[in-house]
Amino acid sequence: MSLSLPQHYREILKDLGEDPEREGLLDTPKRAAKAMQYLCHGYSQSLEGIVNGALFASDSDEMVIVADIELYSLCEHHLLPFIGKAHVAYIPTGKVLGLSKIARIVDMFARRLQIQENLTREIADAVQNVTQAAGVAVVIEAKHMCMMMRGVEKQNSTLHTSVMLGAFRDSSTTRQEFLQLIGRSK
């Protein structure tokens, strides 16, 4: 017989030495289950559903950048949050993607248990798949609670990851322009 998610949280509280019957914890298993379902709602989303046909004809072949997209995810190793921002760019080849869709793609993948390295790749591959762009670039910078609250307890560390596809990988000039525009080039 399988326990429900709230029942699992109740058991976790007991295993931690807490009394799930005390006033402050009575509804905690239900609230924790609801929170976890929200934090992981990316599993119930699809790329097709997110994009929803918002791909528009355009003669533009210049770089499109959506910068500073805040993201919240859970580390798949410790189930602790990592929080940061993503910068996503692509070079259109006849079609542009609705701007909000880029942020929604970031959210869809971030709202799954993740490691940042894979999250960066999944976003880049999804934008490439949808737009068939000449190139896609994604940079994510995030703070990881698994490094800040436990383990090495390094409060000021930030993980930076990048994925460069197509023109961003092949052309150092294109890559450098992107990095300068998002303020990451020295």
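What counts, and at which threshold
Residues numbered from 1 in each chain as written. Predicted model: local features only at pLDDT ≥ 70, side-chain atom pairs only at ≥ 80, totals over all residues. Heavy atoms only, no water. Axes fitted to C-alpha atoms, helices over the stretch in contact; angles between N-to-C directions. Helix = DSSP H or I, 4+ residues; strand = E, 2+ residues; numbered from the N terminus. Parallel < 35°, antiparallel > 145°, perpendicular 65-115°, else oblique. Left-handed = near helix turned anticlockwise from the far one by under 90°. Contact = heavy atoms within 4.5 Å. Nonpolar A, V, L, I, M, F, W, Y, C, P; charged D, E, K, R; others polar. UniProt positions renumbered as here; feature names shortened; annotations may be inferred. Salt bridge = Lys/Arg side-chain N within 4 Å of Asp/Glu carboxyl O. Pairing = 2+ DSSP bridges. Expected span 1.5 Å × (residues − 1). Buried < 20%, exposed > 50% of the residue type's maximum accessible area, 1.4 Å probe, protein only. Arc of directions from axis to C-beta. Patch = residues over 30% accessible without salt bridge, like charges linked within 9 Å, V, L, I, M, F, W, Y side chains within 5 Å. Areas by Shrake-Rupley, 256 points an atom, 1.4 Å probe, with all protein chains shown as cover. Lys, Arg positive; Asp, Glu negative; His and termini not counted. Charge placed at Lys NZ, Arg CZ, Asp CG, Glu CD. Domains from an automatic or database assignment.

Caption draft 1: Geometry of the packing of helix 1 (residues 5-15) against helix 2 (residues 28-39). Contact geometry for helix 1 and helix 2: axes closest at 8 Å, N-to-C directions at 120 degrees. The pairing of helix 1 with helix 2 is recorded here as oblique in orientation. Relative to helix 2, helix 1 is oriented so that their crossing is right-handed. Seen from helix 1, the contacting residues are Leu 5, Pro 6, Tyr 9, Arg 10 and Leu 13; seen from helix 2, they are Thr 28, Pro 29, Lys 30, Ala 32, Ala 33, Met 36 and Gln 37. The class makeup of the residues in the contact of helix 1 with helix 2 is eight nonpolar, two polar and two charged.

Caption draft 2: Summary view of the UniProt feature "domain: GTP cyclohydrolase I" (unreviewed entry) in the chain. Within this numbering scheme, the UniProt entry marks residues 7-182 as carrying the feature "domain: GTP cyclohydrolase I" (unreviewed entry). End-to-end, the C-alpha atoms of residues 7-182 are 45 Å apart, and along that stretch the chain is 41% helix and 28% strand.

Caption draft 3: Expanded view of the packing of helix 4 (residues 99-110) against helix 5 (residues 116-131). Between helix 4 and helix 5, the shortest axis-to-axis distance is 10 Å and the interhelical angle comes to 140 degrees. For the element pair helix 4 / helix 5, the angle class is oblique. Between helix 4 and helix 5 lies a crossing of right-handed hand. Of helix 5, the residues touching helix 4 (which contributes Ile 105, Val 106, Phe 109 and Ala 110) are Leu 119, Glu 122, Ile 123, Ala 126 and Val 127. Counted by class, the contact of helix 4 with helix 5 contains eight nonpolar, no polar and one charged residues.

Caption draft 4: Fine view of the pattern of salt bridges. Tallied over the entire structure, the rule returns six salt bridges. Glu 21 serves as the salt-bridge partner of Arg 10, at 2.7 Å between the closest nitrogen and oxygen. Here Arg 10 is found in helix 1, whereas its partner Glu 21 is found in the loop between helix 1 and helix 2, with 11 residues between them in sequence.

Caption draft 5: Fine view of the sheet that holds strand 2 (residues 64-75). If you walk across this open sheet you meet the five strands as 5-2-3-6-7, and the pairing is mixed. Each of the sheet's edge strands pairs with one partner strand only, and the pair in question is strand 5 (113-114) and strand 7 (159-166). Here strand 2 runs beside strand 5; their pairing, made up of two bridges, is parallel. For Cys 75, the partnering residue across the bridge sits in strand 5 and is Gln 114.

Caption draft 6: Spotlight on helix 5. The end-to-end C-alpha distance of helix 5, which contains 16 residues, comes to 23 Å, matching closely the 22 Å that a straight helix rising 1.5 Å per residue would cover. Within the sequence span of helix 5, burial applies to Gln 116, Leu 119, Thr 120, Ile 123, Ala 124, Ala 126, Val 127, Val 130 and Thr 131. An end-on view of helix 5 places all buried positions within 160 degrees of arc, on one side of the element. Residue Gln 132 follows helix 5 closely and has a positive phi angle near 55 degrees.

Caption draft 7: Molecular detail of a negative patch on the surface. On the surface, a cluster of negative charge is contributed by Asp 59, Asp 61, Glu 62 and Glu 177. For Glu 177, the position within the fold is in helix 8 (residues 172-181).

Caption draft 8: Spatial organisation of the domain arrangement of the chain. As assigned here, the chain comprises domain 1 (1-39) and domain 2 (52-182). Computed from C-alpha atoms alone, the centre-to-centre distance between domain 1 and domain 2 is 33 Å.

Caption draft 9: Region of interest: helix 8. Listed as buried for helix 8 are Thr 174, Phe 178 and Leu 179. All buried residues of helix 8 project into a common sector of 135 degrees when viewed along the axis, lining one side. In helix 8, the exposed residues that point more than 90 degrees away from the buried face are Thr 173 and Gln 180. Against strand 2, strand 3 (81-91), strand 6 (135-144), strand 7 and helix 7 (167-170) lie the buried residues of helix 8. After helix 8 finishes, the residue Gly 183 shows a positive phi value of roughly 75 degrees.

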